[in-house]
Amino acid sequence: MVLSILRKMDPASKFSLTLQILGLTLCALSLLCSAFTFQDYSDALGKSILFFEGQRSGRLPPNQQLTWRGNSGLSDGSSYHVDLVGGYYDAGDNVKFGLPMAFTTTLLSWSVIEFGSSMQNHLENAKAAIRWGTDYLLKASTATPGALYVQVGDPNMDHHCWERPEDMDTPRNVYKVSTQNPGSDVAAETAAALAAASVVFKDSDPSYSTKLLKTAMKVFDFADKYRGSYSDSLNSVVCPFYCSYSGYLDELLWGASWLHRASQNSSYLAYIQSNGHILGADDDDYSFSWDDKRAGTKVLLSEGFLEKNTQEFQLYKAHSDNYICSLIPGSSSFQAQYTAGGLFYKASESNLQYVTTTTFLLLTYAKYLSSNGGVATCGSSTVKAENLIALAKKQVDYILGDNPAKMSYMVGFGERYPQHVHHRGSSLPSIHAHPDHIACNDGFQYLYSRSPNPNVLTGAILGGPDNRDNFADDRNNYQQSEPATYINAPFVGAVAFFSSKTTTN
């Protein structure tokens, strides 16, 4: 099969693909590709969680470790008579976008659910990062009956300023979806986040877990009953920033899948069976992101078949195989793109978000397969869990510095990492070092400065290199130098897997 593929390729591509296949084989069979130690991965895990402290909005707790940050957004929602203090800024700006925040919280929770047992002394910090998100999402979900608050801050106005979050004087407008102006995508993702988090806290905080699950059920009912895309309801407030390009059907199936996982209520199984085909169960999609949940849903539901032999989910195992096979060089359905340095490449803007979600799904599916000795079926061949782990390890190691540029794309990890991060709070002087207000336009001198960021945004994974493995450490190049919560969230689970001493590297 591999030979037939190679015959059809030009010499340069053939050589690159041959090297990738050889590399994956060596990684799967030996220790030759262990660029990092267990301790390195554990260090990266701790830092990948610490990053979320730099994104916090609201009143910071006494145990805040990134001490260059201060309180911010303390009156969010007050002009609308609701309490929307807290939550996360999505990336390098000061807006609280509900769709990526909810997805971040879902993926952080999924990371703990699957790989929390490998997190050791980092587990409590991971759960604190989840709780910072869910506390806010609970407020947004319950403040007003028949509504879900999905955003704080006018992104168009915010992006005209370069300000620390502690100094914000841009409009803190509040936006919501309702029965009249629906947002099934953001509502169903919020339900998924609350449901997934309820699993995380089920044993350690049962009352909180129950509150999360009950709220998730109500929010999902709202999403399902009042159907529509939040992009249509809110237009330029969310587009082009976090437009729901994939629509809302994928989120409805994703949300139902998490409610099934969290509640084990047969009604959600019935919902998935009855509506799955309409909501994308039969689609093969090769991307997993804050916008498109289809590949993640397939893998999530495949667990029911692989670990619990729930026959209704066999379909999702088959589609998960299709997704996984598309990533494997040499597979009959291989269609992914990799750089010469071996990095999965999907898009020119913030590519590492696709790398971290893909890596997480590879490892999660490998875990599910390993539970019963299963394999992924790729045409006439099969792929074992260890092959998926080897490919995932290549991506994790690349991000951490085992790449042609010898550059770690996690800030604060390794000897060489980006110094000019596209992030307002990190690039401006700390509120503690420079207490005086820095106005909207006065901050731009720091955006364009060639000096390194004065505040290290420890653990932030940036957008990353281009399709030729090149990276411009340029603060103004947001496509490559901006971090985001949804880049880090799945990486937390992936790097936790490799931090375990029981992992076969």
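One can find the structure itself at the top, above this paragraph.
Within each chain, residues carry numbers counting from 1 in the order of the written sequence. Owing to the predicted nature of the model, reporting of local features is limited to residues with pLDDT of at least 70; listing and counting of side-chain atom pairs is limited to 80 or more, with chain, interface and lining totals taken over all residues. As a rule here, side-chain values come from all non-hydrogen atoms in the structure, and water together with hydrogens is ignored.

### Observations concerning helix 12 (residues 294-308)
Thought 1: The terminal C-alpha atoms of helix 12, which comprises 15 residues, lie 21 Å apart, in line with the 21 Å expected from a rise of 1.5 Å per residue.
Thought 2: Of all 15 residues in helix 12, 12 are buried; the element is thus mostly enclosed.
Thought 3: Each residue is assigned to one of three classes by its accessible area relative to the maximum for its type, calculated with a 1.4 Å probe on protein chains only: buried under 20%, partly exposed between the two thresholds, exposed over 50%. Secondary structure is summarised from DSSP: a helix means a run of H or I of at least four residues, a strand means a run of E of at least two, and numbering begins at the N terminus for each. Burial in helix 12 covers these residues: Ala-295, Gly-296, Thr-297, Lys-298, Val-299, Leu-300, Leu-301, Ser-302, Glu-303, Gly-304, Phe-305 and Leu-306.
Thought 4: Of the surrounding elements, those touching the buried residues of helix 12 are helix 4 (98-115), helix 10 (249-263), helix 11 (266-275), helix 13 (314-327) and helix 14 (352-370).
Thought 5: A positive backbone phi angle near 55° is found at Asn-309, which sits one or two residues after helix 12. Working rule for helices: expected span equals 1.5 Å times residues minus one. The contact criterion used is simple: two residues touch if any of their non-hydrogen atoms lie within 4.5 Å.

### Notes on empty space enclosed by the protein
Thought 1: In this analysis the probe radius is 1.4 Å and the grid spacing 1 Å, with only protein atoms considered; a cavity is a set of points the probe fits into but cannot get out of, a pocket is an open set with protein on both sides within 12 Å along at least five of seven lines, and lining residues have an atom within 4 Å of a point. Grid points are joined across faces, edges and corners, and a volume is the space filled by probe spheres set on the points. Summed over all chains, the structure comprises three cavities of 30 Å³ or more.
Thought 2: Counted as a void, the largest cavity has a volume near 50 Å³.
Thought 3: Classifying every residue of the lining of the largest cavity by side-chain character gives three nonpolar, six polar and three charged. Amino acids are sorted into nonpolar (Ala, Val, Leu, Ile, Met, Phe, Trp, Tyr, Cys and Pro), charged (Asp, Glu, Lys and Arg) and polar (every other residue, Gly among them).

### Observations concerning the environment of Asn-477
Thought 1: Following the sequence through the fold, Asn-477 ends up in the loop between helix 17 (444-447) and helix 18 (478-481).
Thought 2: By relative accessible area, Asn-477 is classed as buried at 17%.
Thought 3: Residues Asn-477 and Ala-494 lie 17 residues apart in sequence; the distance between their C-alpha atoms is 27 Å.

### A look at the nonpolar core
Thought 1: Only buried residues count toward a nonpolar core, which is a set of Ala, Val, Leu, Ile, Met, Phe, Trp, Tyr and Cys residues joined through side-chain atoms within 4.5 Å. Trp-110, Tyr-230, Tyr-365, Leu-388 and Leu-400 are the most contacted members of the largest nonpolar core, which has 147 residues in total.
Thought 2: Other than its neighbours up to four places away in sequence, Tyr-230 contacts Leu-99, Val-150, Val-177, Pro-182, Gly-183, Asp-185, Val-186, Asn-235, Val-238, Tyr-242 and Ser-244.
Thought 3: If you look at the next biggest cluster of nonpolar residues, it comprises five residues, including Trp-162, Leu-428, Ile-438 and Leu-447.

### Observations regarding the sheet that holds strand 1 (residues 96-97)
Thought 1: The three strands are arranged 1-2-3 in an open sheet whose pairing can be described as antiparallel. Pairing within the sheet leaves two strands with one partner each, and these edge strands are strand 1 and strand 3 (174-178).
Thought 2: One ladder, built from two bridges, connects strand 1 with strand 2 (residues 147-152); its direction is antiparallel. Directly across from Phe-97, in strand 2, lies its bridge partner Gln-151. For two strands to count as paired, DSSP must find a minimum of two bridges between them.

### Some points on the state of the cysteines
Thought 1: Note that a disulfide, as used here, is simply two cysteine sulfur atoms within 2.5 Å. Scanning all chains against the criterion turns up three disulfides.
Thought 2: Disulfide partner of Cys-161: Cys-440, at an S-S distance of 2.0 Å. When the S-S torsion is -95°, as for the bridge of Cys-161 with Cys-440, the disulfide is left-handed. You can see Cys-161 sitting in the loop between helix 6 (155-158) and strand 3 and its partner Cys-440 sitting in the loop between helix 16 (424-427) and helix 17, a full 279 residues away along the chain.

### Here we look at the layout of surface pockets
Thought 1: Space inside the largest pocket adds up to approximately 760 Å³.
Thought 2: In terms of lining residues, the largest pocket is bounded by 29 residues, among which Phe-241, Tyr-242, Glu-349, Tyr-478 and Glu-482 are the most central.
Thought 3: Split into classes, the residues belonging to the lining of the largest pocket amount to 15 nonpolar, seven polar and seven charged.

### A few points about unusual backbone geometry
Peptide bonds are, in most cases, trans, and in most cases residues other than glycine have a negative phi.
Thought 1: Residues Cys-239 and Pro-240 are joined by a peptide bond in cis, for which omega reads 10°.
Thought 2: Looking at the secondary structure, you find Pro-240 in the loop between helix 9 (230-234) and helix 10.
Thought 3: Even without being glycine, Asn-235 reaches a positive phi, approximately 50°.
Thought 4: Structurally, the position occupied by Asn-235 is in the loop between helix 9 and helix 10.
Thought 5: The backbone of Gln-264 sits at a positive phi, close to 55°, despite the residue not being glycine.
Thought 6: Mapped onto the fold, Gln-264 is located in the loop between helix 10 and helix 11.
Thought 7: The partly exposed category is assigned to Gln-264, whose relative accessible area is 48%.

### Some points on the pattern of salt bridges
Between side chains of opposite charge, pairing is possible as soon as their charged atoms come close.
Thought 1: Here, a salt bridge means any side-chain nitrogen of Lys or Arg that lies within 4 Å of a carboxyl oxygen of Asp or Glu. Summed over all chains, the structure comprises 19 salt bridges.
Thought 2: Between Asp-43 and Lys-47 there is a salt bridge, with the nearest N and O atoms lying 3.3 Å from each other. Here Lys-47 and Asp-43 lie together in helix 3 (residues 38-54), a separation of four residues that amounts to about one turn.
Thought 3: Classification of Asp-43 as partly exposed rests on a relative accessible area of 34%.

### A few points about the side chain of Arg-172
Thought 1: Among the secondary structure elements, Arg-172 is positioned in the loop between helix 6 and strand 3.
Thought 2: Owing to a relative accessible area of 16%, Arg-172 belongs among the buried residues under this scheme.
Thought 3: Here a polar contact is recorded for every N or O atom pair within 3.5 Å, except that within protein the pair must consist of a potential hydrogen donor and a potential acceptor, and residues adjacent in sequence are included only if both atoms are side-chain atoms. Among the polar contacts made by the side chain of Arg-172, one reaches the side chain of Asp-76 at a distance of 3.0 Å.
Thought 4: Side-chain polar atoms of Arg-172 contact the backbone oxygen of Asn-94, separated by 2.7 Å.

### Considerations on the environment of Ile-324
Thought 1: Residue placement: Ile-324 occurs in helix 13.
Thought 2: With 19 residues separating them in the primary sequence, Ile-324 and Leu-343 have C-alpha atoms 16 Å apart.
Thought 3: When sequence neighbours within four positions are dropped, the list of residues in contact with Ile-324 reads Leu-362, Tyr-365, Ala-376 and Leu-388.

### Looking at the packing of aromatic side chains
Thought 1: Only rings of Phe, Tyr and Trp enter the pairing, Trp through its six-membered ring, and a pair is recorded when the two centres are within 6.5 Å. The plane angle decides the type: under 30 degrees is stacked, over 60 is edge-to-face, the rest tilted. Applying the stated rule across the entire model yields 28 aromatic pairs.
Thought 2: Judged by centre distance (5.9 Å) and plane angle (90°), the rings of Phe-115 and Phe-360 are edge-to-face. One end of the pair, Phe-115, is in helix 4; the other, Phe-360, is in helix 14, and 245 residues separate them in sequence.
Thought 3: Taking 6.0 Å as the distance between ring centres and 70° as the angle between the ring planes, the aromatic pair formed by Phe-313 and Tyr-316 counts as edge-to-face.
Thought 4: One aromatic cluster is present, built from ring pairs that chain together Phe-36, Tyr-41, Phe-103, Trp-110, Phe-115, Trp-254, Trp-258, Phe-288, Phe-360, Phe-413, Phe-497 and Phe-498.
Thought 5: Over the ring of Phe-201 we find Arg-131, and its NZ or CZ is 5.4 Å from the ring centre.
Thought 6: Only lysine NZ and arginine CZ atoms are considered, and such an atom sits over a ring when it is within 6 Å of the ring centre and within 35 degrees of the ring normal. The aromatic ring of Phe-115 is capped on one face by Lys-367, whose charged end is 5.8 Å from the ring centroid.

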